[in-house]
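What the coordinates show
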Number of protein chains: 4
Amino acid sequence: MFIAEANIRIHYALTDQMGFVYHGHYAQFYEIGRTEAIRTLGYTYKDIESMGIIMPVIETRFKFLLPAKYDDLITVKTILKEIPDNHRIVFYGEIYNQSAQLLNVGEVTMYFMQVEGMKKIPMPKELKDKIEKYFLQ
Amino acid sequence: MFIAEANIRIHYALTDQMGFVYHGHYAQFYEIGRTEAIRTLGYTYKDIESMGIIMPVIETRFKFLLPAKYDDLITVKTILKEIPDNHRIVFYGEIYNQSAQLLNVGEVTMYFMQVEGMKKIPMPKELKDKIEKYFLQ
Amino acid sequence: MFIAEANIRIHYALTDQMGFVYHGHYAQFYEIGRTEAIRTLGYTYKDIESMGIIMPVIETRFKFLLPAKYDDLITVKTILKEIPDNHRIVFYGEIYNQSAQLLNVGEVTMYFMQVEGMKKIPMPKELKDKIEKYFLQ
Amino acid sequence: MFIAEANIRIHYALTDQMGFVYHGHYAQFYEIGRTEAIRTLGYTYKDIESMGIIMPVIETRFKFLLPAKYDDLITVKTILKEIPDNHRIVFYGEIYNQSAQLLNVGEVTMYFMQVEGMKKIPMPKELKDKIEKYFLQ
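We now turn to the structure provided with this report. Here the structure is a predicted model, which is why all the values come from computation and not from measurement. (Residues numbered from 1 in each chain as written. Chains lettered and ligands numbered in written order. Predicted model: local features only at pLDDT ≥ 70, side-chain atom pairs only at ≥ 80, totals over all residues.)

Of the regular secondary structure elements, chain A holds 3 helices and 8 strands. The C-alpha radius of gyration of chain A comes to 16 Å, within 12% of the 14 Å expected for a compact globule of 137 residues. The principal-axis extents of the C-alpha atoms in chain A amount to approximately 45 × 35 × 20 Å. By the burial criterion, 37% of the 137 residues in chain A qualify as buried. (Helix = DSSP H or I, 4+ residues; strand = E, 2+ residues; numbered from the N terminus. Rg over C-alpha atoms; globule rule 2.2 N^0.38 Å. Buried ≥ 20, exposed ≤ 12 C-beta atoms within 10 Å, placed from the backbone.)

So, in structure tokens, the structure goes:
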């Protein structure tokens, strides 16, 4: 299993008049989590795009347990439970606030796709190699 | 069954460098769909809040079938399959582009809550009365 | 002088915990105003981009007189005071709410640029022809 | 003069199909800059709000010199050139990328207002005391 963490400070633009973070913004928090997870592998999502590969989001599922609030310092935990064996990758996520309360759990499914021809491709070998060591006994 | 439709023009701010609408923005499209659905009942979500009731989002599930693009005129179909019999309401949604292609399907679960004391309450009678006629044989 | 109007309904995502529309979102309102202004000329900004031309924003200046609120139906008035005679175009704007209160005044300066080589170019003749009739005595 | 710096990593949601950061998002960058500037004074904007004071934005002016791009690590420099002597405060800002290129310069004018009665008030003494030491010879 591969786990990585990223911290995000909630700024004003993310709040709504209920006094909480607008539910639609959590997709961005999970995006930041994934990006920083990939960076810990010595890679960037930007590198992936420069290889002519994009990773469109195919499905998202988020459960909102407790609201994040203005100026909270949240932690996004990004979890890869298995190595993708085809074009499909599932990122699991958990978001905590500074009091270690679990605010949100999520699943984001993406595809690896070649921009040229817009066809699905398996996970790039360079990335797979980096990730495999986290799944060894 | 209660069905309502709303149209949204995709502006530049909603696109990302993949050339598509960023996946995180669909939550807003479904929000606009719900709001306009409630308005067709002769109510507004603003009215609901002025009654001291809020409707936090508890869960979202979105499937991204085809991307929306800049300047697309999308249609959000909001569907209520059953009358809530407690504090929980589920809105189903479908998003189409101007060529009638299905781009996205979604489910958004919300709770009815009283702001005072932040406790769950059943769907307000005023709203339930409005909606029941759509579910008569 | 060329003037065009567009209407926007304020949805929840645009509010912040002050109970008003977050100031950073007005740039989007003016963008929507410009886009619809161009559309009334029988053109779209999408057409302009498909000609290999982009219009990056070079400067914005907004004055916030009164706040827009949730569910307001605002009107964005987009004003072109003169025909551009080089690569620079200035859009003036005014935003009103449904009670005809002036909420915001703005100026957005953009350049016409050719994507290829990223160089400044004069306003495309096709667009200039459309706009000239609004400036005849 | 009081100067503070904050760093922000550009995530995907902030880009648009031009391949740059959408111009409307810079307001958020300057907001984050101001918030972190206040935090370095041993205060938070959240503290200010809990004193019953809000700081609505009255005017913004941004110049876009060079575009920020995906995955850039930008630095927002927040500058206070003088101590406010009434309800009005002006924050100057500069945004740089990781190559020390100046991308954006901005001015944001805010008012100190008491939520109760929504009336303008001078800068709170607690905050003024913190800031005065930066302006001594």
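Quoted interface sizes are often the accessible area lost when the parts come together. Contact residues are listed per partner, giving 11 residues for chain B and 11 residues for chain C. Sorting elements by how many residues they give to the side of chain B that touches chain C places helix α1 (residues 26-40) of chain B first, with 4 residues. Classifying every residue of the side of chain B that touches chain C gives 4 nonpolar, 4 polar and 3 charged. (Contact = placed C-beta atoms within 7 Å. Nonpolar A, V, L, I, M, F, W, Y, C, P; charged D, E, K, R; others polar.)

On to the interface of chain A and chain B. Listed by partner, the interface residues are 15 residues for chain A and 15 residues for chain B. Contributions of two or more residues to the side of chain A that touches chain B are made by α1 (26-40) and β3 (57-64) of chain A. With 8 residues, β3(A) is the largest single contributor of residues to the side of chain A that touches chain B. A per-class count over the side of chain A that touches chain B returns 8 nonpolar, 4 polar and 3 charged. Two elements, β3(A) and strand β3 (residues 57-64) of chain B, share 5 bridges in a ladder whose sense is antiparallel. In the sheet register, R61(A) faces β3(B), and the bridge partner there is R61(B). (Pairing = 2+ DSSP bridges.)

As a further point, take the sheet that holds β3(A). Strand order in this open sheet of 10 strands is β1(A)-β4(A)-β5(A)-β6(A)-β3(A)-β3(B)-β6(B)-β5(B)-β4(B)-β1(B), and the pairing throughout is antiparallel. Every other strand in the sheet has two partners, leaving β1 (2-9) of chain A together with β1 (2-9) of chain B as the edge strands with one partner each. Mean inter-strand twist for the sheet, computed between neighbouring axes without regard to direction, equals 15 degrees. The pairing of β3(A) with strand β6 (residues 102-111) of chain A spans 7 bridges and is antiparallel. (Axes fitted to C-alpha atoms, helices over the stretch in contact; angles between N-to-C directions.)

Take helix α1 (residues 26-40) of chain D next. Residues and elements named next belong to chain D. Helix length check: α1 (15 residues) gives 21 Å between terminal C-alpha atoms against 21 Å at 1.5 Å per residue, within 8%. Extensive coverage of α1 is indicated by the burial of 12 of its 15 residues. Regarding α1, the residues found buried are Y26, A27, Q28, F29, Y30, E31, G33, R34, T35, E36, A37 and I38. Of the residues flanking the end of α1, it is G42, one or two places downstream, whose phi is positive at about 85 degrees. (Expected span 1.5 Å × (residues − 1).)

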